Amino acid sequence: IEDVVDHEDINLYRDLAGGVTSSQLLHGSANPIGGRSAIIKLKWGYKPDEMIYDNSPKFIKFALGENVKQSRYQNGIRFPQTRMGVEQVFEDYFTRGQEYDKSRGTDSFRYDEEMEVISEILKGERYVTCHSYVQSEINMMMEVAERYGFVLNTFTHILEGYKVADKMAEHGAGCTAECRRALE
């Protein structure tokens, strides 16, 4: 997202007028593993690289649910198309990430930008914000994270988070306002 910050977007001006001083810009929700986010200081008239915090925590956007499996996609040619397929995407990437890390320092190692980001997640160096809806998907995502040894930072759009608030608290995941009351 850092590459596409639009410093001329009038909404920056409007947000500043409303009192917003910082924002986390997240990737869309069409893919299980989206893009790296940007945390910016809103400054009207500044260039994007002058707005991006240099020392902010690193985040990435994950997504579950209808957007990811493209339930309204007409041609039906995109993977994943099921909730199980979404889980498999995560399994495949984290398995590849572990193999990638094991190959460091060997002759077979080849730098891969995607795997570098997955490696950061596995090492706890990059936090995950996960767009989610239903209980089964939330449970699945926490189980995948626990299998691979990392903690999900935040669930957003979490429609059924109240059903698994106890599990989320045990896992260490936070959530947006939709389920916060259930965690208290």
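Provided above is the structure to which this section pertains.
The paragraphs below set out a description of the structure included in this document.

Conventions we followed
- Residues numbered from 1 in each chain as written.
- Predicted model: local features only at pLDDT ≥ 70, side-chain atom pairs only at ≥ 80, totals over all residues.
- Heavy atoms only, no water.
- Pairing = 2+ DSSP bridges.
- Helix = DSSP H or I, 4+ residues; strand = E, 2+ residues; numbered from the N terminus.
- Contact = heavy atoms within 4.5 Å.
- Axes fitted to C-alpha atoms, helices over the stretch in contact; angles between N-to-C directions.
- Expected span 1.5 Å × (residues − 1).
- Buried < 20%, exposed > 50% of the residue type's maximum accessible area, 1.4 Å probe, protein only.

### Quick word on the sheet that holds strand S7 (residues 174-175)
And step 1. Here we have five strands laid out as an open sheet, ordered S2-S4-S5-S6-S7, and mixed in their pairing. The open sheet has two edge strands with one neighbour each: strand S2 (33-36) and S7.
And step 2. Relative to S7, strand S6 (residues 154-156) runs parallel, the two being bridged by two bridges. What sits directly across from phenylalanine 155, in S7, is cysteine 175.
And step 3. Across the face of the sheet, helix H4 (residues 83-103) comes into contact with S2 and strand S4 (58-63) while running at roughly 145° to S4.

### Focus: H4
And step 1. Over its 21 residues, H4 extends 31 Å from the first C-alpha to the last, a length consistent with the 30 Å expected when each residue adds 1.5 Å.
And step 2. Along H4, the residues classified as buried are Gly85, Val86, Val89, Phe90, Glu91, Phe94, Gly97, Tyr100 and Ser103.
And step 3. On its buried face, H4 is in contact with S2, S4, helix H3 (66-69), helix H5 (113-122) and helix H6 (135-147).
And step 4. Where H4 ends, the next residue or the one after it, glycine 105, has phi of about 80°, a positive value.

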